[in-house]
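A look at the structure
So the chains spell out like this:
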Amino acid sequence: MSAAGCCSPPRAMAGLFVWHLRSAGVRQVPCRFVHLCRAANGRLVTFQYFNFLKRMYITQCNRDLSQRAKPKSDSVSSPLRELQQLDQEEKVKYKIRPVSPVHQPSSEPPSRAATSAAATDSSATPARAEAREDRQWKEMKLQLEDLPGILARLSKIKLTALVVSTASAGFAMAPVPFDLTCFLLASLGTGLASCAANSINQFFEVPFDSNMSRTKSRPLVRGQLSPLLAVCFAASCGIPGIALLTLGVNPLTGALGAFNIFLYTCCYTPMKRMSIANTWVGAVVGAIPPVMGWTAATGALDAGALLLGGILYSWQFPHFNALSWGLREDYSRGGYCMMSVTHPGLCRRVALRHCLALIGLCTLAPVLDVTTWTFPVVSLPLNLYISYLALRFYRDADRSSSRKLFFCSLWHLPMLLLVMFTCKKSFLEQEEKGDLLAGDHGRAMEIRLP
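Criteria and thresholds
Residues numbered from 1 in each chain as written. Predicted model: local features only at pLDDT ≥ 70, side-chain atom pairs only at ≥ 80, totals over all residues. Heavy atoms only, no water. Helix = DSSP H or I, 4+ residues; strand = E, 2+ residues; numbered from the N terminus. Expected span 1.5 Å × (residues − 1). Buried < 20%, exposed > 50% of the residue type's maximum accessible area, 1.4 Å probe, protein only. Polar contact = N/O pair within 3.5 Å; in protein donor to acceptor, adjacent residues only side chain to side chain. Contact = heavy atoms within 4.5 Å. Axes fitted to C-alpha atoms, helices over the stretch in contact; angles between N-to-C directions. Parallel < 35°, antiparallel > 145°, perpendicular 65-115°, else oblique. Left-handed = near helix turned anticlockwise from the far one by under 90°. Phe/Tyr/Trp six-rings, centres within 6.5 Å; stacked < 30°, edge-to-face > 60°. Lys NZ or Arg CZ within 6 Å of the ring centre and 35° of its normal. Salt bridge = Lys/Arg side-chain N within 4 Å of Asp/Glu carboxyl O. UniProt positions renumbered as here; feature names shortened; annotations may be inferred.

Examining helix α10 (residues 227–249)
- Here α10 is 23 residues long and its end C-alpha atoms lie 32 Å apart, about the 33 Å a rise of 1.5 Å per residue gives.
- Those residues of α10 lying buried are Ala230, Phe233, Ala234, Cys237, Gly238, Gly241, Ile242, Leu245 and Val249.

Pasting the structure below:
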């Protein structure tokens, strides 16, 4: 009993220690399990790691399978280097030749198709190089023999010829003896003023003319002429032209010429992009040249000059409205405010109104003692025909009717002016009538005197 009693305390202590270890182990099992899992994740070989080892092994065993990285070119390379690379690529590309068929015997010469294909490949490289050079910007050189034609297109030589012809008609219709020197000076000065106005107009409208098919081939748009040269040409025409009209003809004609240049370049040209009122302003510009011809001959602005200006003013509406009807798409691309684009109904009505107004103006000519009474009768068929075409244009509103009205206006004006000149009252008749009026006035004064 004593031995058992002596041994019981150590056994009890051992049992308590074992029980403490077991309880502590049970509590620490989850933490240890998590720690072992983390260690396993860090030490075990995953699939991605195994795949990486396999690629490394294959690369070390077979050097030819290793990927060869292409060196990256510089971010900013010169254009010359790029062109050289393109030429090298094209040369490499066109070294390939068509493969001959298998069944073709080796003793036969190459076929014509293969020869032509090889020739085409050899000629394709310079053709592509030329096309690439055409797409690049290059400086255009002005040839001296091409300068007159370029300046003629810059000054709108056809429009200038029309302006000079209407001014000549005004000079011829004046009731004074014909002076050849004054006529030549007036025609030359009017032509120079018109060239200056048209050149300045093209200088201002370069960005807008480039969007229109009708005007994209003008010299300033194509770069055939520098803007500085165009301005210098306009100044070299405008200043001598106005000086010639002022000093060689009379100051009134010179003032009308300067006013017309100002009205065309500073009023009509910017108004084309702002309001449809530009058509009425442009009609005033076209009506001034015959008035200038009349004032150049007479030195006065009277009823005959205003009548001629009114005829030219009304004629321009069927002429221009019919022309602009077929150019509506062009004017829209250019950003111009024209009646044919924004107010198509008004465009047709205005053309018809002014064709009818021509009949009234021609009837007014003998009343103002400019022509005989034969003129309204002879000019009536011309005015009725253009009015009929204007009526068809008003009703149909298509390209066919507008083209017929436009082409009729081209021959209507010279025919009308020719008939007007034929029916003009002679200078002797007007002088005799003036003497009779002066004599009647003198007799009335004598009767009134005591």
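Some thoughts on the side chain of Gln202
- Tracing the chain through its elements places Gln202 in helix α7 (residues 180–204).
- Here the side chain of Gln202 touches Arg153 through a polar contact of 3.0 Å, landing on its backbone oxygen.
- Beyond its immediate chain neighbours, meaning those up to four positions away, Gln202 contacts Arg153, Leu154, Ser155, Lys156, Arg218, Pro219 and Leu220.

Comments concerning the packing of helix α11 (residues 251–271) against helix α12 (residues 278–298)
- Running from N to C, α11 and α12 point in directions that differ by 170°, and their axes come no closer than 10 Å. In terms of axis orientation, α11 runs roughly antiparallel to α12. Crossing angle aside, the handedness with which α11 passes α12 is left-handed. On α12, the residues touching Leu252, Thr253, Leu256, Gly257, Phe259, Asn260, Leu263, Tyr264, Cys267, Tyr268 and Met271 of α11 are Asn278, Val281, Gly282, Val284, Val285, Ile288, Pro289, Val291, Met292, Thr295 and Ala296.

Some details on the packing of aromatic side chains
- If you walk through the whole model with that rule in mind, you get 12 aromatic pairs.
- Relative to Tyr336, the ring of Tyr331 has its centre 6.1 Å away and its plane inclined at 80°; by these criteria the two rings are edge-to-face.
- Assessed through its relative accessible area of 3%, Tyr331 is described here as buried.
- Residue class for Tyr336 comes out buried when judged on its relative accessible area of 4%.
- Members of the aromatic cluster, connected to one another through ring pairs, are Phe171, Phe178 and Phe183.
- If you follow Arg273 out to its NZ or CZ, it ends over the ring of Phe208, 3.6 Å from the centre.

Re the pattern of salt bridges
- Counting across every chain of the model gives six salt bridges.
- Put simply, Asp369 and Lys425 hold a salt bridge, and the shortest N to O gap is 2.2 Å. Pair noted here: Asp369 is in the loop between α16 (344–367) and α17 (374–396) and Lys425 is in the loop between α18 (399–422) and α19 (427–448), with a separation of 56 residues, a long-range link.
- In this structure, Arg392 engages Asp396 in a salt bridge whose closest nitrogen and oxygen atoms are separated by 3.9 Å. One end of the pair, Arg392, and the other, Asp396, are both in helix α17, four residues apart, so they sit about a helical turn from each other.

Some points on the UniProt feature "transmembrane region" (unreviewed entry) in the protein
- Residues annotated in UniProt with the feature "transmembrane region" (unreviewed entry) correspond here to residues 252–271, 350–367 and 373–393.
- Spanning residues 252–271, this segment combines 100% helix with 0% strand, and its end C-alpha atoms are found 27 Å apart.
- Along residues 373–393 one finds 95% helix and 0% strand; the C-alpha atoms at either end are 31 Å apart.

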